[in-house]
Amino acid sequence: MDAPGTVSNPLRVAVVGAGPSGFYAAEALLKSGQTVRVDMIERLPAPYGLVRYGVAPDHPKLKEAILVYAVIARLPHFSLLGNVAVGRDVSVEELRAHYHGVIFACGAETDRRLGIPGEDLPGSHTATEFVAWYNGHPDYRERSFDLSAEVAAIVGQGNVAADVCRILAKSVDELKATDIAEHALDALAESRVREIHVIGRRGAAQAKFTNKELKELGELPSCDAIVDPQDMELNAESIAELEVKSNFVSVKNVEIFRALAARGPTGKPRRIIFHFLQSPVKITGTARMEQLVLARNRLEGAPLQQVARETGETDLLRCGLLFRSIGYSGVPIPGVPFDVRRGVFPTQEGRIVDGGGAVVPGLYAAGWIKRGPTGIIGTNRADSIATVKSLLADLPHLAPETKAGAEVLGPLLAARGVRVISVDDWLKIDTAEVARGQPRGKPREKFTRVAEMLQCLGAS
Amino acid sequence: MTTIVTDNCKGCRFTDCVTVCPVACFHADDNMLYIDNLVCIQCSACIPVCPVHAIYADDDIPEDKRNWIDINAERSQALPTISDKQDPLPGAEERKTALGF
Ligand SMILES: Cc1cc2nc3c(=O)[nH]c(=O)nc-3n(C[C@H](O)[C@H](O)[C@H](O)COP(=O)(O)OP(=O)(O)OC[C@H]3O[C@@H](n4cnc5c(N)ncnc54)[C@H](O)[C@@H]3O)c2cc1C
Ligand code: SF4
Ligand code: SF4
């Protein structure tokens, strides 16, 4: 028997998850020079993971990363098995039986918790829920957000916080020509939110925004961005940080914050108010959240290593709506080791390891489920290439027998009543979405229920 | 919208920029890299990772480096794509230090 990767014994790999890391892994495998068959298994009928369901609708240019993935999906020896959830429709055991290797690229689909009292009061939400809802993710279709409060708060000062902030701050006219979900646009049209507090644990010199996104928040047509000039009096360590030449992103951010502080309000109907050196410690209210208790922080430590420490003083912020954006965590799948603390599948050079640190043969991970929720779309490319490199190095040790992959899995899933979505099926759904968007001047109107996507394929 | 590589890149080839680009739109000659803005999705991922701040976007492009917009446009069309991390050019570390990074 020839080793996997040869014409008589093609290497069969299942890639679990059709987000960026899944596609970059598929591409690296298909361009590896081995004889290989890649089956990408995705729990939703729609591919592209957080590029479709995370990246903000008012950033259409970023969503063009999808064009690269659409080309990969058309490569020979690539198949999509959409609408198939690993752990629900097919087990990890079964994948191991039918593939030489399985690469988990299933992302980090749940939120980390703040762990403070009142976190679950109505009105207090995670950014994940809100983002998935306005992007039309089927799991969040039935959610509703009460946007009747005038004051909202966002905990976190990174790019997800910036996205949530913009969606709340923009008028419906500014959003209606995007691919934002129709139900979200309708709800936002009724929004009474006028004031959005964006709360950061550390100072202005440590905010995690990219320059571009911060600048954008300061230039919204119908929303002011307010920075308290006092917050721009930085401690000596922060000033030292800004002298470090490689810290140019923070230098620019501070420059932008200073300009906002100097400008003050300009009379626009909505306002973003930046808070620094504050951490939420408690949410209070009776039927729903009414107040956020914020601990004041000071910075401790050497430049570039400063951490926030509570001073013991607190501030009260009356607000009826809260979004917590403090990080994502992976979801375990039965049959795969899981690191609960970090919320990832534990790996060594992309190979999944068990609690004792021993490699589980044939199982790999890439993207957010491997690294945790850090990095942007492109970071996943180098990450997936590294995982595929480990898999290819393992070829001599992988199960030597031939594997049937989708040839067996397809009929198995059909017998279980699963309507498997192929690339061609997806293209039909895609075309229908674009056509639905056209009369409304939108690049697409997403189907937001799985049943609607399947319906558009007819009875076939 | 435009994102460009400027002269600080000459002699580096650390290619940290290339490893984060989602759409593989960097092109290279023997000296430095150039961005193809017909493909670039303006995600700005490459800007913070460049160790010598060679990459600029839009209105952050300094006045005296705006000539690099045309150079990127021309050179990127003429040169092959690079999509994987490469070994730094000889002297890259020294140059980085000399530039003050
Ligand atoms: C709100 C938000 C905004 C962002 N904005 C930007 C931005 O502006 N620019 C940028 O560069 N990056 C942005 N990012 C980051 C970027 O989206 C991520 O780096 C990237 O999507 C991670 O890729 P991934 O493939 O690891 O995970 P994902 O994109 O999450 O893909 C995972 C896929 O796996 C599927 N899956 C999960 N479990 C299973 C299962 N059991 N069986 C089968 N399939 C499964 C999921 O449905 C999903 O399609 C943003 C992220 C978020 C959350
Ligand atoms: S990291 Fe910067 S200096 Fe190095 S190759 Fe890329 S653009 Fe050039
Ligand atoms: S901005 Fe993004 S897409 Fe453009 S070159 Fe940089 S990393 Fe690539």
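Each chain carries its own residue numbering, running from 1 in the direction its sequence is written. Lettering for chains starts from A, numbering for ligands starts from 1, and both go in the order in which the items are written. Note on the predicted model: pLDDT of at least 70 is required for a residue's local features to be given, and 80 or more for side-chain atom pairs to be given and counted; whole-chain, interface and lining totals, by contrast, use all residues. As a rule here, side-chain values come from all non-hydrogen atoms in the structure, and water together with hydrogens is ignored.

Engineer: I would appreciate a short explanation of the overall build of chain B in the present structure.
Structural biologist: Runs of E in the DSSP output that reach at least two residues are strands. Runs of H or I that reach at least four are helices, and both are numbered from the N terminus. A count of helical and extended segments in chain B gives four helices and four strands. In terms of overall dimensions, chain B is globule-like: its C-alpha atoms have a radius of gyration of 12 Å, near the 13 Å expected for 101 residues. Relative to its 101 residues, chain B shows a buried fraction of 50%. In this description, contact between two residues means that some pair of their heavy atoms is separated by no more than 4.5 Å. If you take every contact in chain B between residues at least 6 apart in sequence, the share linking residues at least 24 apart comes to 75%. Here, Shrake-Rupley sampling with a 1.4 Å probe gives the accessible areas, and only protein chains in the shown set may cover a residue. Counting every atom, chain B has about 4,700 Å² of accessible surface; 50% of that belongs to carbon and sulfur. Between the centroid of the 8 positive side chains of chain B and the centroid of its 16 negative side chains there is a distance of 4 Å. Restricting the calculation to C-alpha atoms gives the radius of gyration, and the globule rule supplies 2.2 Å times the number of residues raised to the power 0.38. Buried means the residue's accessible area, taken with a 1.4 Å probe over protein chains only, is under 20% of the maximum for its type, while exposed means over 50%, and partly exposed covers the values in between. Positive charges come from Lys and Arg alone, negative charges from Asp and Glu alone, with His and the N- and C-terminal ends not counted. Here the site of a charge means NZ on Lys, CZ on Arg, CG on Asp, or CD on Glu.

Engineer: Help me out: how do you make sense of the interface of chain B and chain A in this one?
Structural biologist: Think of interface size as the accessible area that goes away when the parts come together; that is how it is often given. Of the residues lining the interface, 25 residues belong to chain B; the matching set on chain A comes to 20 residues. Contact between chain B and chain A buries roughly 1,800 Å² in total, counting both sides, with carbon and sulfur atoms accounting for 58%. The quantity reported as buried area is the accessible area (1.4 Å probe) lost by two parts once they are put together, taken as the sum for both. Among the residues chain B hides against chain A, the three largest losses belong to Pro22, Ile41 and Asp60 of chain B. Together they make up 28% of the total. We define a salt bridge as a side-chain nitrogen of Lys or Arg found within 4 Å of a carboxyl oxygen belonging to Asp or Glu. Taken together, chain B and chain A are joined by three salt bridges. When the shortest N-O distance is used, the salt bridge between Asp60 of chain B and Lys252 of chain A registers 3.0 Å. Polar contacts, as counted here, are pairs of nitrogen or oxygen atoms within 3.5 Å of one another; within protein the pair requires one atom able to donate a hydrogen and one able to accept it, and residues that are adjacent in sequence qualify only if both atoms are side-chain atoms. Linking chain B to chain A there are eight residue pairs in polar contact (both at pLDDT 80 or more). Counting residues per element, the ones that place at least two in the side of chain B that touches chain A are α1 (16-20) and α2 (46-49) of chain B. Considering each element in turn, the side of chain B that touches chain A owes the most residues, three residues, to α1 of chain B.

Engineer: Explain the domain arrangement of chain A to me, please; I cannot follow it from the model alone.
Structural biologist: Residues and elements named next belong to chain A. Under the domain assignment, chain A is made up of domain 1 (11-109 + 330-421) and domain 2 (112-327). The straight-line distance from the C-alpha centre of domain 1 to that of domain 2 is 33 Å. Facing the 15 residues of domain 1 at the interface are 21 residues of domain 2. Together domain 1 and domain 2 conceal approximately 1,300 Å² of surface at their shared face, both sides included; 49% is due to carbon and sulfur atoms. Considering only the side of domain 1, the residues that lose the most area to domain 2 are Tyr53, Pro57 and Asp58, jointly responsible for 46% of the buried surface there. Domain start and end points were adopted from an automatic or database domain assignment.

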